[in-house]
Amino acid sequence: MLHADSTSERPDKPSFTVLDEALIKRCIYIPPSGAEDDKKSRDRDPGKTQKQRVEFHEVGCLIFSFTGISKIDNLAGFNVLTKLQLDNNNIRKIENLDHLSNLVWLDLSFNKITKIGGLGELRKLEDLTLHCNDIEVLEGMDHLLNLKCFSIGKNSLDNLDDIAKYLRKFKNLRMLSLAGNPCHTKMQLQIYEAKVLAHLSKLKYLDYRLVDAKAVANAKAEHREHLVQVEEQDKKEEEKQRLDHQLEQEETDYKSWNCSGMQTLFEELVTDGTEAKQIAGFRESGLYEDGEKLNDALKAYRDKFEERRRDFVTRMQEHKKVKDDEYFDFSETLSIAKQECDDECKALIKAFEKKKKRVLPRSEAQAGEEGRPADDDGAVQELAAALQSLKEALLEKETDQQEAYEAVISDFETNFMALQEETIETISDSFKKLQDCEKEYRDELEAIFEEIRTRHQAQAGEQQASVNASDRAGDWEQELNAKKTQLDSILENKEELDKLIDESHQARQQKLYALEEKRTDTEKSNCTAIVEQEKENEHQRNRARVCEIFMYCSLAQKLIKQELDDDHAYRDTEYTQTNAFVEA
C-alpha cells in the first residue's frame, strides 16, 4: 500500500445555502429501472441525475452535493430514505438525522465537521463517509453496529491505537479508509498497516486497496501479546452487551405483561430513601451483637417477597395469553364475516355487470354483434331498474353487516372487559400479598431493634469507654466510632427509633400502593384502547363501504343516462371510468 497525500484539496463550493423545500425538490434522485433505463443511464452524462415529481414519503435518495448548505435541516417526512448525499458543502455539525431510521448510505465528505454525533438512531447505516473534514476523535458511533464501509481519510485523527480499539466493535466492517490522517502519515506504512490489520482482521479493503490474508496473519502474530488483553476486554464488552440486551428484552416482556417496575421492585424498596439507608447502616455496620438478625430478616423478607413477585408475573403472563387468544378469535370471526359479505356483494355486482355489458356495449359495432338495436330504450330502462335494485340490496347488506359487526364487537367488549376485571383482581390480590409480606418484615424489624436497643442500654458503660478511647484511635477506627455514635443516638431515643421503623415501612407501603395503582390504570387503559380502536375501525369501514356503493351506482347511473341521451362519446368515457372503479 502507498501513503495518500496528506494535503486536502477541497473542491470549490458555492456560497452558503438554506436547505429549503425548493432545494429538496431539485435534489430528489430517482434511480433508473429496467434494462433499457440502465442502458440509457450508462450512455448519459454521469454527472446528471434523473429527477421527477414524487411524494417526499416515497423518496429513497437525496443528493445535495455542491449545494453550499451549512446546516442539515428540513428533512422531515422522508420515512423511507435510504441514501443521503451531503458531500462538498459547508456543514459543521451532524444533526437532525435521528428520524431517518432507514438510512443505509450517508456521505458527509468534504465539509467542516469537527465532531461525530447525531447518528445514534441510524442503526441500519452500512456506509458512512466522513472523508476530508476536521475530526480529531472517533466517537458517537457506538450504535452503528451494521457499519460495513467507513471512510474517514484526510481528517485529524492521530492516535492509531485508540482508533483501532474503537473500531473493533464493528464486527461487519469490511472497508476502512484512514489515509491522510496524522495516524497514517506520521507512521511507517508497515507499522500502520500491521496495527490496523491486527485489530481489524476481517477487513477486505484498507485505504481502497485489497487486504492480503497473509498480511493479516503476520500482523496478528506480531501483536499477539497486546491482542490478548484487547480480546479479553472485547469479551467483557460483549458480555455486557449481551446482558444489556437481555435486560432490554426482559423490560419489553414485562411491559407487554403489564408488569413494568416489578423486575427491581425489591431492591428499590429496601434501598431508596433516607430511612432505608439508616436501617441499612445498622444492618451493614457489624457493630451490634444482634445486628446479624437484621440480615437474616432481610433475607427472609427477600425470599418471601420474590416468591410472591414471581407468582404475580406468572399470573399476569397467563392473563395476557387468555386476552390474546380472545382477541385473536374475535379478529378471525370478524375477518371471516367480512369476507363472506364481500363475496356476496361482489356476486351481486358481477351479475349486474353482465347485464350491463349486454345492454350497454362499448360501441355501435358491438351493439350490432350483440343483436340488440343501439336505440333499444326498453332494455336500458330495465338496466336502470336493476341498478336501483342493486343499490338497495348493497345498502341493505351493509346495514345488516354493520349491525352484525357491532354485535360481534359488543360481545367481544363484554368478554374482554370481564378478562380485564379478572386481571385487575389478580393485581389487587398479588399486591395485597406483597403488602402482607411488608407488614411481617416491619414487625420483625421492630422486634429485632428492640433487642438491639435493650442490649445497647445494658452495655452503655462499655460503649462510653470505647468512645473516650476514640481520641487515641486511628482514622479508620475514628470513622467507625463516629458511625457507631450516630447509630447509638438513634437507639437511645425510642421515639426516634420507632419513627425510623414506621417511616421506612410507610415509604415501602406507598411504593407498593403507587405501583398497584399504576398497573391497574394501565390494564384499564390498554383494554379500553383495544376495544375503542376496533369500534373506530368498524366506523371507518362502514363509511368507506357506503361511499363505494354510492360512487359505483352514481357512475353506472351516469352511463345509463348518457345511453338514453344517445351520447356515445360521453358514454364511452363513463364506461371506462366505471370499469376502472370495478377493477379497483
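Values in this document were obtained by computation on a predicted structure and should not be read as measured data.

Draft legend 1. Representation of the overall build of the protein chain. The helix and strand inventory of the protein chain stands at 16 helices and 8 strands. Scored against the burial criterion, the 584 residues of the protein chain give a buried share of 38%. Surface summary for the protein chain: the accessible area is close to 32800 Å², and the carbon and sulfur share equals 48%.

Draft legend 2. Looking closely at the packing of helix α5 (residues 189-199) against helix α6 (residues 213-222). Remark: α5 packs on α6, axes separated minimally by 8 Å, with the N-to-C direction vectors making an angle of 90 degrees. Compared by their axis directions, α5 and α6 come out roughly perpendicular. Seen from α5, the contacting residues are Ala194, Leu197 and Ala198; seen from α6, they are Ala215, Val216, Ala219, Lys220 and Glu222. In the contact of α5 with α6, the residues fall into 6 nonpolar, no polar and 2 charged.

Draft legend 3. Structural view of the pattern of salt bridges. Following the criterion strictly, the structure yields 31 salt bridges and no others. With a shortest N-O distance of 3.2 Å, Glu353 and Lys356 are connected by a salt bridge. Highlighted residues: Glu353 and Lys356, both in helix α10 (residues 291-359), separated by 3 residues, approximately one helical turn. There is no split in this pair, since Glu353 and Lys356 are both buried. Among the ionic contacts, a cluster of salt bridges with common partners joins Arg442, Asp443, Glu446 and Asp502.

Draft legend 4. Local environment of the confidence of the model for the protein chain. Scored by pLDDT, the protein chain comes out at a mean of 82, with 79% of its residues at no less than 70. The low-confidence segment residues 1-9 (pLDDT under 50) makes 25 contacts with residues lying over four places distant or belonging to another chain. Contacts for the low-pLDDT stretch residues 469-473, under 50 throughout, to residues beyond four places or in other chains number 5 contacts.

Draft legend 5. Layout of the environment of Asn96. Its place among the elements puts Asn96 in the loop between β2 (83-85) and β3 (105-107). A relative accessible area of 36% places Asn96 in the partly exposed class. Between the C-alpha atom of Asn96 and that of Ala76, which follows or precedes it by 20 residues, the distance is 8.9 Å. For Asn96, the contacting residues outside a window of four places in its chain are Lys71, Ile72 and Asp73. Within polar-contact distance, the side chain of Asn96 engages the backbone oxygen of Ile72 at 2.7 Å.

Draft legend 6. Region of the structure containing the environment of His143. The residue His143 is located in the loop between β4 (127-129) and β5 (149-151) in this model. You can call His143 partly exposed: its relative accessible area is 42%. In this structure the C-alpha to C-alpha distance between His143 and Lys169, which are 26 residues apart in sequence, comes to 9.6 Å. His143 has contacts with Gly120 and Arg123, leaving out every residue within four places of it along the chain.

Draft legend 7. Summary view of the nonpolar core. Ranked by size, the top nonpolar core spans 59 residues in total, and within it Phe64, Leu75, Leu84, Leu106 and Phe150 carry the most contacts. For this core, the secondary-structure elements that each account for two or more residues are α1 (21-26), α3 (160-167), α5 and α6. It is α5 that provides the largest number of residues to this core, a total of 5 residues. Dropping the residues within four chain positions of it, Leu84 is found in contact with Leu62, Phe64, Leu75, Leu97, Leu100, Leu103, Trp105, Leu106 and Asp107. One finds Phe266, Phe312, Cys437 and Phe449 within the second-largest nonpolar core, a separate group that totals 33 residues.

Draft legend 8. Quick peek at the side chain of Thr423. Position of Thr423 relative to the elements: it lies in helix α12 (residues 377-458). For Thr423, a relative accessible area of 1% corresponds to the buried category. Among the polar contacts listed, one links the side chain of Thr423 to the backbone oxygen of Leu419, at a separation of 2.9 Å. Setting aside residues up to four positions removed in sequence, Thr423 forms contacts with Met316, His319, Lys323 and Glu523.

Draft legend 9. Layout of the packing of aromatic side chains. The full count for this structure, using the stated rule, is 13 aromatic pairs. With a centroid separation of 5.5 Å and 50 degrees between ring planes, the pair formed by Phe266 and Phe305 is classed as tilted. Of this pair, Phe266 sits in helix α8 (residues 265-271) while Phe305 sits in helix α10, and the two are 39 residues apart along the sequence. By relative accessible area, Phe266 is classed as buried at 2%. For Phe305, a relative accessible area of 0% corresponds to the buried category. The interplanar angle of 70 degrees and the centroid separation of 5.6 Å between the aromatic rings of Phe312 and Phe431 together place this pair among those described as edge-to-face. Of this pair, Phe312 sits in helix α10 while Phe431 sits in helix α12, placing them 119 residues apart in sequence. Assigned by exposure class, Phe312 and Phe431 land together as buried. Put simply, the rings of Phe266, Tyr301, Phe305 and Tyr441 pair up and form one aromatic cluster. The residue whose ring lies beneath Lys169 is Tyr166, and the NZ or CZ to ring-centre distance is 3.6 Å. The positively charged end of Lys338 is found above the aromatic ring belonging to Tyr405, 5.9 Å away from the centroid.

Draft legend 10. Quick peek at a positive patch on the surface. On the surface, a cluster of positive charge is made up of Lys350, Lys354, Lys355 and Arg358. By the secondary structure assignment, Arg358 is in helix α10.

Draft legend 11. View of the sheet that holds β3. With respect to topology, 8 strands assemble into an open sheet ordered β1-β2-β3-β4-β5-β6-β7-β8, the strand pairing being mixed. Either end of the sheet is taken by a strand with one partner, and the two such strands are β1 (61-63) and β8 (209-210). Here strand β6 (residues 175-177) runs beside strand β7 (residues 205-206); their pairing, made up of 2 bridges, is parallel. Counterpart to Leu176 in the pairing with β7 is Leu206.

Draft legend 12. Structural view of α3. For α3, every residue scored as buried is listed here: Leu160, Ile163, Ala164, Tyr166 and Leu167. Along the long axis of α3, the arc covered by the buried residues comes to 165 degrees, so they all point the same way. Where α3 is buried, its residues meet β5, β6, α4 (182-185) and α5. Two or three places before Asp161, at the opening of α3, Asn159 has a side-chain oxygen 3.1 Å from that residue's backbone nitrogen.

Cut-offs used in this document
- Residues numbered from 1 in each chain as written.
- Predicted model: local features only at pLDDT ≥ 70, side-chain atom pairs only at ≥ 80, totals over all residues.
- Heavy atoms only, no water.
- Helix = DSSP H or I, 4+ residues; strand = E, 2+ residues; numbered from the N terminus.
- Buried < 20%, exposed > 50% of the residue type's maximum accessible area, 1.4 Å probe, protein only.
- Areas by Shrake-Rupley, 256 points an atom, 1.4 Å probe, with all protein chains shown as cover.
- Axes fitted to C-alpha atoms, helices over the stretch in contact; angles between N-to-C directions.
- Parallel < 35°, antiparallel > 145°, perpendicular 65-115°, else oblique.
- Contact = heavy atoms within 4.5 Å.
- Nonpolar A, V, L, I, M, F, W, Y, C, P; charged D, E, K, R; others polar.
- Salt bridge = Lys/Arg side-chain N within 4 Å of Asp/Glu carboxyl O.
- pLDDT = per-residue confidence, 0-100.
- Polar contact = N/O pair within 3.5 Å; in protein donor to acceptor, adjacent residues only side chain to side chain.
- Core = buried A, V, L, I, M, F, W, Y, C linked by side-chain atoms within 4.5 Å.
- Phe/Tyr/Trp six-rings, centres within 6.5 Å; stacked < 30°, edge-to-face > 60°.
- Lys NZ or Arg CZ within 6 Å of the ring centre and 35° of its normal.
- Patch = residues over 30% accessible without salt bridge, like charges linked within 9 Å, V, L, I, M, F, W, Y side chains within 5 Å.
- Lys, Arg positive; Asp, Glu negative; His and termini not counted.
- Charge placed at Lys NZ, Arg CZ, Asp CG, Glu CD.
- Pairing = 2+ DSSP bridges.
- Arc of directions from axis to C-beta.

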